[in-house]
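Results of the structural survey
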Amino acid sequence: MRVVVAMSGGVDSSVAAALLVEQGHDVVGVSMQLYDQRDGGFGTCCTIDDLHDARRVAARLGIPHYIVNFESHFHAHVQRNFVDEYARGRTPIPCAHCNGEVKFSELLLRAGGYGASHLATGHYVRVERGDDGRWHLRRGLDAAKDQSYFLFSLTQPQLARACFPVGGLGKDEVRAHARRQGLLVADKPDSQEICFVPDGDYAAFLERQAPALATAGAIVDGDGRQVGTHGGVHRFTIGQRKGLGLSTGVPLYVLDIDAARQQVTVGPRAALEQTTLAASGVNWIAGGAPSGWTVAAVQIRHRHVAAAARIRALDDRRAEVVFDSPQSAITPGQAAVFYDGDDVLGGGWID
Amino acid sequence: MRIYLDHNATTPLVPDALERLTAVARDVWGNASSVHHFGQQAKAVLDDARGAVAALLGGEPSEIVFTGGGTDADNAALRGACEALEPSGRKHLVVSSIEHEAVLRTAAALARRGWEVSLLPVGASGVVDPDALDDVLTDRTALVSVMHANNEIGTLQPVEALAARARRRGALFHTDAVQTAGKMPVDVRALGVDLLSLSAHKFGGPKGVGALWIRRGVRLLPSMTGGRQERGRRAGTENVPGIAAMGAAAEVARRTFPEAAPRIAALRDRLEGGVLGAVPSTAVNGQPDRRVANTTNISFDRVESESLLIALDLEGIAVSSGSACSSGTLEPSHVLKAMGFPHQRTLNSIRFSLGTSTTAAEIDRVIEVMPKLVTKLRSLAARH
């Protein structure tokens, strides 16, 4: 079958392509140009150098390689969302939006135009067909690298055409495979930061995109008393302790961000704990929202151990989650992803 | 079995050129500037090639300056002429809005140094109107540069008329003939130009080699400074094998012009008619009766040229769109933009450019494949 592989120039997508070639598929390498590179070294991933690496890997594997322009899509769906969320006092996950709205939406469509039945990426997740014929999304075999958290929004039609060749491998195995194949990216470090934010300085990025964000406001305590000032709500996230500019002797944490009033509320660690959350834009992997309460483990951040909870769908796209034990720093804008063991049941954006 | 329809981008080496390239690289490796036997041998090779290229243009061998390609020649012409004329008070440059980037970017660089630059408009025909030149010409105009044929849409510009008007005002006239020299008869005397650029890899010669024809008596300042090669007009040790191969390609071109042009034109017309007939909502860009023989630029409504390019390549058919040379950036074609088309139409065109090796079978295969590819891409676009 013809498969398009989204190649970022990193080792995971490179090995994904290599594996598909070994399996005898008709592989087409595609790299998305996500932002204008001409001002030189924009982000930490998918730079001109990364695109070049992808091309070299494709040449080594003997597959065609195309660079396709996704600037306006990426800007509309990922970068703008990033700015809007921060402006609303939320903490977005651009990677999850990119997967759902760029890669497995527009790129998947284009892959069809190139005659490909599937789109493959280097994500550490697994997709399998259940006995009932439905597609299941499961955590990657390597728990430390599992990226299922970022793919909760995939629908059945998308999963049917998705392919994740490295999902059943460990990272070390993937690098070893790259070395065996003589791929130049075998030892390239993983990119850790948001791909379009240079040096990880997201506050500076946001202020360039929306200068109005840099508006001063008050930092207040739980009783509403002002304890400090800040230079913009976008500099904060729930549960944040550092960078508050306060010296009170007692460690204080960001409890709430009120963008409308430009106000950040801080308090003791204990106050960060909550047992419920509401989620919108919910996607249920199996296709429809279940009725009644569903028992599951819910993960509220990429680096969070999924915690036991019950979920109830309020309608097609909204759900409420009640945890068995209080969870710390539930953050609006992040994703709440529902798991049954390794199986992803679905997820939504935390309100 | 791949089908190559991108000859305006580049052409394969004709056998004579490859043979000459190899033989010279192997046997005549001296530095042409050397006094001794080895230098003399190299000089002789250059002389032969110079004669062949001059004959291609109807010019004198002494009027030929070898360069590192068409872009090099354009730079040498524009920068060389402007630098030479600046002290005389002439500081105005005119170029057409559909020139190749080699001319446009060079003009922009001169503008940053204080030169006044006028851009000649084109209408939907993609042809420059000589009256438009009269509108901007002044006694301060140093140089006018208008290409002989546009690389994207193939339209032939009225160079004779334009050059005559420039001459009346005392301005020099340069033409970028990269898309015509070696592909059709070009006569510098008949055209009445002062400077002409050409590029070997467009007519079966190697890449990285070209020439600038400079009318005897026209003085340019060299833009590549250093040694005194090419009579002090372009420094740098000559690429003797490449130049020799260019000479061979020029000889082949002259021999094959009479037979090749009508045959290629017929194939182009067949392709054009076939695609327009088989695929709805398509249109040719550029005045069809004023074009080089090998080019057709077609707009496909509701299709992104980037996707069509890739889909065609995966079917083994090589074509291009715009003249975008950068890594993946889908710039709208500046040529189509200059012709006044709406934004969408500047992003949905495909250029098919045929060559001496193109066959009827290849053309028919393309006509066969196009409809289903376009239909699929249009149906996906509709789903959005």
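Rules behind the numbers
Residues numbered from 1 in each chain as written. Chains lettered and ligands numbered in written order. Predicted model: local features only at pLDDT ≥ 70, side-chain atom pairs only at ≥ 80, totals over all residues. Heavy atoms only, no water. Helix = DSSP H or I, 4+ residues; strand = E, 2+ residues; numbered from the N terminus. Rg over C-alpha atoms; globule rule 2.2 N^0.38 Å. Buried < 20%, exposed > 50% of the residue type's maximum accessible area, 1.4 Å probe, protein only. Contact = heavy atoms within 4.5 Å. Areas by Shrake-Rupley, 256 points an atom, 1.4 Å probe, with all protein chains shown as cover. Expected span 1.5 Å × (residues − 1). Bend = angle between axes of the 7 residues up to and from the residue. Polar contact = N/O pair within 3.5 Å; in protein donor to acceptor, adjacent residues only side chain to side chain. Salt bridge = Lys/Arg side-chain N within 4 Å of Asp/Glu carboxyl O. pLDDT = per-residue confidence, 0-100. Buried area = accessible area lost by both parts, 1.4 Å probe. Nonpolar A, V, L, I, M, F, W, Y, C, P; charged D, E, K, R; others polar. Axes fitted to C-alpha atoms, helices over the stretch in contact; angles between N-to-C directions. Parallel < 35°, antiparallel > 145°, perpendicular 65-115°, else oblique. Left-handed = near helix turned anticlockwise from the far one by under 90°.

**Observations concerning the overall build of chain B**
Regarding its fold elements, chain B presents 12 helices and 12 strands. At 21 Å, chain B has a C-alpha radius of gyration in line with the 21 Å of a compact globule built from 384 residues. Expressed as lengths along the three principal axes of its C-alpha atoms, the size of chain B is roughly 70 × 50 × 35 Å. Buried positions account for 57% of the 384 residues belonging to chain B. Counting only contacts in chain B whose residues sit at least 6 apart along the sequence, the fraction spanning at least 24 positions is 74%. Per element, the accessible surface of chain B, about 15500 Å² overall, is 54% carbon and sulfur.

**Here we look at helix H9 (residues 240-278) of chain B**
Residues and elements named next belong to chain B. The end-to-end C-alpha distance of H9, which contains 39 residues, comes to just 48 Å, noticeably less than the 57 Å that a straight helix rising 1.5 Å per residue would cover. Its maximal kink placed at Phe257, H9 deviates by approximately 65°, while the proline Pro258 follows within four residues. One side-chain oxygen of the residue at the start of H9 lies 3.0 Å from the amide nitrogen of Gly242, identifying that residue as Asn239.

**Concerning the pattern of salt bridges**
Side chains carrying opposite charge are able to pair once their charged atoms draw close together. Under the counting rule described, the total for this entry stands at 45 salt bridges over all chains. Between B:Arg234 and B:Asp72 there is a salt bridge, and its shortest N-O distance comes to 2.5 Å. Here B:Arg234 is found in the loop between helix H8 (229-232) and H9, whereas its partner B:Asp72 is found in helix H3 (residues 70-85), with 162 residues between them in sequence. Judged by relative accessible area, which is 18%, B:Asp72 ranks as buried. Notably, a salt bridge pairs B:Asp301 with B:Arg302, separated by 3.9 Å at the nearest N-O pair. Overlapping salt bridges, with partners in common, bring together A:Asp12, A:Lys145, A:Lys171, A:Arg175 and A:Asp190 in one network.

**Thoughts on the confidence of the model for chain B**
On average, chain B scores 95 in pLDDT, and the residues at 70 or more come to 97%. Listed scores for the predicted complex are pTM 0.91 and ipTM 0.87.

**Let's talk about the interface of chain A and chain B**
Taken together, the contact pairs 19 residues of chain A with 17 residues of chain B. Of all residues in chain A, A:Tyr66, A:Leu109 and A:Tyr114 give up the largest surface area on contact with chain B, accounting jointly for 34% of the area buried on that side. Where chain A touches chain B, the interface holds 2 salt bridges. Across the salt bridge formed by A:Arg110 and B:Glu304, the nearest N and O atoms sit 3.7 Å from each other. Our count for the chain A to chain B interface comes out at 3 residue pairs in polar contact (both at pLDDT 80 or more). Secondary structure elements with two or more residues in the side of chain A that touches chain B: strand S2 (26-33), strand S3 (65-69), helix H3 (71-87) and helix H4 (94-113) of chain A. Take the side of chain A that touches chain B: its biggest share by element is 5 residues, from H4(A). For the side of chain A that touches chain B, the residue count by class is 8 nonpolar, 6 polar and 5 charged.

**Concerning the environment of A:Tyr35**
Following the sequence through the fold, A:Tyr35 ends up in the loop between S2 and helix H2 (48-61). With 192 residues separating them along the chain, A:Tyr35 and A:Val227 place their C-alpha atoms 40 Å apart.

**Describing the packing of H3(B) against helix H4 (residues 101-112) of chain B**
Residues and elements named next belong to chain B. Here H3 crosses H4 at 30°, and the two axes come no closer than 9 Å. Looking at the two axes, H3 sits roughly parallel to H4. Considering how the two elements wind past one another, H3 and H4 form a crossing that is right-handed. Two secondary-structure elements touch here, H3 through Thr71, Asp74, Asn75, Leu78, Arg79 and Cys82 and H4 through Ala102, Val103, Thr106, Ala107, Ala109 and Leu110. Grouping the amino acids of the contact of H3 with H4 by side-chain chemistry returns 7 nonpolar, 3 polar and 2 charged.

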